[in-house]
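Listed here are the chains, written in short residue letters.
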Amino acid sequence: MATVDITGSNNNDLNKPFRFEWYHFKRWQQKMMFSLTMRKVAYVLNIDIPVMPKDVEKEVKDKMTMDLTLWNENDYLCKNFILNGLADDLYDYSPYKSAKLVWLTLKEKYDTGSWD
């Protein structure tokens, strides 16, 4: 009987979760969330992209521009951390525009039992 390594020990890096390969989704999800939280990018999974109001003062606009830039950078990192935690045959989620869409789609597939 074959065994599955679910320890997450890739070169003894305990911060990197094991790759998700169609099984142990809840365990992978929890380890991935821990990893994303440690990297301080998990918040993009719960917050939509900031929207810039049209008529705002310059100071507010500058701060919101910085917030938007930071959100975009962290979303990019978060999405790619998630994608790198997937087996190669699951990498088809890369066209999704945001980390949140990738995360929610994976969860929905698990919840409905409809893995492709």
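Notes on the structure in this doc start here. If you're wondering where the values come from, they're calculated on a predicted model, not measured in any experiment. Residue numbering note: each chain is counted from 1, following its sequence as written. With pLDDT at 70 or above as the cut-off, local features in this predicted model cover only qualifying residues; side-chain atom pairs require 80 or more to be listed or tallied, and sums for whole chains, interfaces and linings still use all residues. In computing side-chain properties, one takes all heavy atoms of the structure into account and sets aside hydrogens as well as water.

## Comments concerning the overall build of the chain
Here comes step 1: Secondary structure counts use DSSP, requiring at least four H or I residues in a row for a helix and at least two E residues in a row for a strand, with both numbered from the N terminus. Scanning the chain from terminus to terminus reveals three helices and zero strands.
Here comes step 2: Residue burial is assigned from relative accessible area. The probe radius is 1.4 Å, only protein chains are included, and a residue is buried under 20% of its type maximum, exposed over 50%, and partly exposed in between. A burial count over the chain gives 28% of its 116 residues as buried.
Here comes step 3: Working rule for contacts: check all heavy atoms of both residues, and any pair within 4.5 Å makes them a contact. Long-range pairs, those at least 24 residues apart, make up 49% of the contacts in the chain between residues at least 6 apart in sequence.

## Overview of the packing of aromatic side chains
Here comes step 1: A pair of Phe, Tyr and Trp rings is counted when the ring centres sit within 6.5 Å of each other, with Trp represented by its six-membered ring. The angle between the planes then sorts it: under 30 degrees is stacked, over 60 is edge-to-face, the rest tilted. Inspection of the entire model under this criterion finds five aromatic pairs.
Here comes step 2: Plain terms: the ring middles of Trp-28 and Trp-103 are 5.9 Å apart, the flat faces sit at 35° to each other, and that makes the pair tilted. Of the two residues, Trp-28 is situated in helix H1 (residues 25-38) and Trp-103 in helix H3 (residues 99-112); the sequence distance between them amounts to 75 residues. Accessibility classification places Trp-28 together with Trp-103 in one group, the buried group.
Here comes step 3: Site record: aromatic cluster; members linked through ring pairs are Phe-20, Phe-25, Trp-28, Trp-103 and Tyr-110.
Here comes step 4: Here, a charge over a ring means that NZ of Lys or CZ of Arg falls within 6 Å of the ring centre while also lying within 35 degrees of the ring normal. Taking NZ or CZ as reference, Arg-39 lies 4.4 Å from the ring centre of Phe-81, over its face.

## A word on unusual backbone geometry
Here comes step 1: Phi is positive for Lys-40, which is not a glycine, with a value near 60°.
Here comes step 2: Turning to its location among the elements, Lys-40 is positioned in the loop between H1 and helix H2 (58-84).
Here comes step 3: Judged by relative accessible area, which is 65%, Lys-40 ranks as exposed.

## A closer look at the side chain of Ser-98
Here comes step 1: Examined against the element boundaries, Ser-98 turns out to sit in the loop between H2 and H3.
Here comes step 2: Owing to a relative accessible area of 15%, Ser-98 belongs among the buried residues under this scheme.
Here comes step 3: Counted as a polar contact is a pair of N or O atoms within 3.5 Å, where, for protein atoms, one must be capable of donating a hydrogen and the other of accepting one, and residues adjacent in sequence contribute only when both atoms are in side chains. Here Leu-101 takes part through its backbone nitrogen, which lies 3.2 Å from a polar atom of the side chain of Ser-98.
Here comes step 4: Sequence-distant contacts of Ser-98, defined by excluding residues within four places in its chain, comprise Asp-75 and Lys-79.

## Structural notes on the pattern of salt bridges
Here comes step 1: The salt bridge definition used is simple: a Lys or Arg side-chain nitrogen within 4 Å of an Asp or Glu carboxyl oxygen. For the structure shown, the criterion picks out four salt bridges.
Here comes step 2: Between Lys-100 and Asp-48 there is a salt bridge whose closest N-O contact spans 2.9 Å. Of the two residues, Lys-100 is situated in helix H3 and Asp-48 in the loop between H1 and H2; the sequence distance between them amounts to 52 residues.
Here comes step 3: Lys-58 is the salt-bridge partner of Asp-62, the closest N and O atoms lying 2.9 Å from each other. Within this pair, Asp-62 and its partner Lys-58 are both found in helix H2, separated by four residues, close to a single helical turn.

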